[in-house]
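# Structural overview for review
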Amino acid sequence: MQTNILGTNLEICCTSPMTGFYRDGVCRTSQEDTSMHSVCAVLTKEFLDFSKAQGNDLTTSLPQYGFVGLKEGDKWCLCALRWKEAYEASCAPKIIAEATSNATTKLIKKEILLEYIFSS
């Protein structure tokens, strides 16, 4: 079982909408997940606009793929490099540390991720 960035068991990010590379609600990754969907983020309008401008529209529903489209406040397993791009553009969304895979630290420094922990 994968751990999170806090070193404990990786928790569920979100099941409504269903997220994760394996569509099981968990931001776990493997070799077949080449984009590393490992960051559990709380989406913001600013990030969704940024992602769309980068060519990845997460807001438009695609029913043929069972995708309802995302909105501000949704939790979603983001690709680590997309989150890093948003961080570098000063629009990275907050993350749920307990649901962000420790594998993310291969691409993003843990200290940076810890600065973005969401608190309700």
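Summarised in this report is the structure supplied together with it. Keep in mind the model is a prediction, meaning the values are calculated, not measured.

## Topic: the overall build of the protein chain
- Looking only at helices and strands, one finds 3 helices and 2 strands in the protein chain.
- Ordered by position from N to C terminus, the α and β elements of the protein chain give β-α-β-α-α.
- Against the 2.2 N^0.38 benchmark of 14 Å for 120 residues, the protein chain shows a C-alpha radius of gyration of 13 Å, consistent with a compact globule.
- A principal-axis box enclosing the C-alpha atoms of the protein chain has dimensions of 35 × 30 × 30 Å.
- In the protein chain, the share of contacts with a sequence separation of at least 24, taken over all contacts with a separation of at least 6, comes to 64%.
- Summed over its atoms, the accessible surface of the protein chain is roughly 6,700 Å², and 50% of this surface lies on carbon and sulfur atoms.
- Across the protein chain, 12 positive and 14 negative side-chain charges occur, with their mean positions spaced 1 Å apart.

## Considering the nonpolar core
- Judged by nonpolar contacts, the single largest core of 25 residues is most densely connected at Leu43, Leu78 and Trp83.
- Those elements giving two or more residues to this core turn out to be β1 (37-42), α1 (45-53), β2 (75-79), α2 (80-88) and α3 (110-115).
- Dropping the residues within four chain positions of it, Leu43 is found in contact with Leu48, Leu70, Lys71, Glu72, Gly73, Asp74, Trp76, Leu78 and Pro93.
- Counting 8 residues, the second largest nonpolar core, distinct from the first, contains Cys14, Cys40, Val42 and Ala99.

## With respect to unusual backbone geometry
- Cis geometry is adopted by the peptide bond preceding Pro17, which originates at Ser16 and carries an omega value of 5°.
- Secondary-structure assignment places Pro17 in the segment before β1.
- Its identity is not glycine, yet Arg23 carries a phi of approximately 50°, on the positive side.
- Take Arg23: it is sitting in the segment before β1.

Reading the values: the criteria
- Residues numbered from 1 in each chain as written.
- Predicted model: local features only at pLDDT ≥ 70, side-chain atom pairs only at ≥ 80, totals over all residues.
- Heavy atoms only, no water.
- Helix = DSSP H or I, 4+ residues; strand = E, 2+ residues; numbered from the N terminus.
- Rg over C-alpha atoms; globule rule 2.2 N^0.38 Å.
- Contact = heavy atoms within 4.5 Å.
- Areas by Shrake-Rupley, 256 points an atom, 1.4 Å probe, with all protein chains shown as cover.
- Lys, Arg positive; Asp, Glu negative; His and termini not counted.
- Charge placed at Lys NZ, Arg CZ, Asp CG, Glu CD.
- Core = buried A, V, L, I, M, F, W, Y, C linked by side-chain atoms within 4.5 Å.
- Buried < 20%, exposed > 50% of the residue type's maximum accessible area, 1.4 Å probe, protein only.

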